[in-house]
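Observations on the model geometry
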Amino acid sequence: MLIFKKQSDLRNWISRQGKVCIGFVPTMGALHRGHISLIEQSKRECELTVCSIFVNPTQFNDPADLAKYPRPIGSDIELLLQAGCDALFLPEYDDLYKTDELLQTDLGGLDALWEGAIRPGHFQGVVTVVKKLFDAVRPTHVFFGQKDFQQCSVIRKMMRNFDMKISFRMCDIVREDDGLAMSSRNIRLSAEERKTASNIYKTLSTATIKKETLSPEMLGQWATKELGNAGMVVEYAAIVDTTDLKPATTWEWPTVLLVAVKLPSVRLIDNILLS
Ligand code: PAF
């Protein structure tokens, strides 16, 4: 695996390979099996797989969260080598951000709901860096995890705005044995919190059964209560339309249950498709 720090070097190398199908997995590092499943999917579909690791300051609205974000670069490189990734892009801030200007593009309100309401400016930072990374790598396929369902919706909207001819792949959530969705932030959970957090998936999977008898609104209320009873502070638990992410009022269209909870040392998000 080759490691590039400068986008010009990465671009030159990619074009010298003469490959048609280039898969790209953007990450902020602290890699886990969820990220590796994206690399594996890219390797199945593409001729060349590029991963990036860049902890993007513009998407953090809490400086303490940015400071605490894990950066185990040695073990990340080891995992990427084992997974057979072809190239790793490790840009410096100045190489990616020639100016501090953020991307101005209409995200159709998708950026203002849920995560966007709680973390103002977060998605503008995400689309800014993702566009820069896409421009650097020029992939034909990109791979993102369903765990960040809203992020997937926002990035797809940005891609439509710029008419990007790139295949977007949203890949399944990878879970621990007890159902907890893999996340770089899980290492901050204490043993006790880890046990509490396993109730998130229990609630999500029970919701798929409860859906048969409850309206979307009632199911959201039920999930909020369940998560709260399990000892978590619920920021939101809502059944939303998969297209506009607005609260669903019927089961007629595809819906997803989005959840964000707070434990004393970490905030977690998760989701499950309901139809
Ligand atoms: O999902 C992430 O890890 C980040 O939000 C992303 C897409 C790499 C942009 O920094």
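Look above for the structure.
The following refers to the structure shown. (Residues numbered from 1 in each chain as written. Predicted model: local features only at pLDDT ≥ 70, side-chain atom pairs only at ≥ 80, totals over all residues. Heavy atoms only, no water.)

**Here's the deal with the sheet that holds strand β8 (residues 255–263)**
- As summarised here, the arrangement of the three strands in space is β7-β8-β9, forming an open sheet in which the pairing is antiparallel. Strands at the two margins of the open sheet, each flanked by one partner only, are β7 (233–241) and β9 (266–273). Strand-to-strand twist in this sheet, taken as the mean axis angle between neighbours without regard to direction, amounts to 10°.
- Of the pairings in the sheet, the one linking β8 to β9 comprises eight bridges and is antiparallel in character. (Pairing = 2+ DSSP bridges. Helix = DSSP H or I, 4+ residues; strand = E, 2+ residues; numbered from the N terminus. Axes fitted to C-alpha atoms, helices over the stretch in contact; angles between N-to-C directions.)

**Section: the packing of helix α7 (residues 122–137) against helix α8 (residues 149–161)**
- Closest axis-to-axis distance for the α7/α8 pair is 10 Å, and the angle between their directions is 55°. Between α7 and α8, the interaxial angle falls into the category oblique. Considering the relative orientation of α7 and α8, their crossing is right-handed. On α8, the residues touching Phe123, Val126, Val127, Val130, Lys131 and Phe134 of α7 are Gln150, Gln151, Val154, Ile155, Met158 and Met159.
- Along the lines of polarity and charge, the residues of the contact of α7 with α8 split into nine nonpolar, two polar and one charged. (Parallel < 35°, antiparallel > 145°, perpendicular 65-115°, else oblique. Left-handed = near helix turned anticlockwise from the far one by under 90°. Contact = heavy atoms within 4.5 Å. Nonpolar A, V, L, I, M, F, W, Y, C, P; charged D, E, K, R; others polar.)

**Overview of the side chain of serine 153**
- Position of serine 153 relative to the elements: it lies in helix α8.
- Beyond its immediate chain neighbours, meaning those up to four positions away, serine 153 contacts Leu110, Thr242 and Leu245.

**Considering helix α1 (residues 7–17)**
- Those residues of α1 lying buried are Gln7, Leu10, Trp13 and Ile14. All buried residues of α1 lie within an arc of 130° about the axis, which places them on one face of the element. Exposed and oriented more than 90 degrees from the buried face of α1 are Ser15 and Arg16.
- Tucked into the core, α1 has its buried residues touching β1 (2–4), β2 (22–27), β3 (48–53), β4 (87–89), α5 (93–96) and α7.
- Remark: glycine 18 follows α1 within two positions and exhibits a positive phi of approximately 60°. (Buried < 20%, exposed > 50% of the residue type's maximum accessible area, 1.4 Å probe, protein only. Arc of directions from axis to C-beta.)

**Examining the site of the ligand**
- Surveying the vicinity of the ligand reveals the residues Pro26, Thr27, Met28, Asn56, Gln59, Val129, Val130, Phe144 and Gln151.
- At a separation of 2.6 Å, an oxygen atom of the ligand approaches a polar side-chain atom of glutamine 59.
- Interatomic distance of 2.7 Å between a side-chain N/O atom of glutamine 151 and an oxygen atom of the ligand.
- Relative to its unbound accessible area of 290 Å², the ligand is 89% covered by the protein chains.
- At the level of secondary structure, the elements contributing two or more residues to the shell around the ligand comprise β2 and α7. (Near = heavy atom within 4 Å. Polar contact = N/O pair within 3.5 Å; in protein donor to acceptor, adjacent residues only side chain to side chain. Areas by Shrake-Rupley, 256 points an atom, 1.4 Å probe, with all protein chains shown as cover.)

**Considerations on the nonpolar core**
- Judged by nonpolar contacts, the single largest core of 45 residues is most densely connected at Phe134, Ile155, Met158 and Met159.
- It is α7 that provides the largest number of residues to this core, a total of nine residues.
- Once residues lying within four places of it in the same chain are set aside, the contact partners of isoleucine 155 are Val126, Val130, Phe134, Phe144 and Phe168.
- Among the nonpolar cores identified, the runner-up in size contains 23 residues, and Leu180, Leu214, Leu227 and Val259 belong to it. (Core = buried A, V, L, I, M, F, W, Y, C linked by side-chain atoms within 4.5 Å.)

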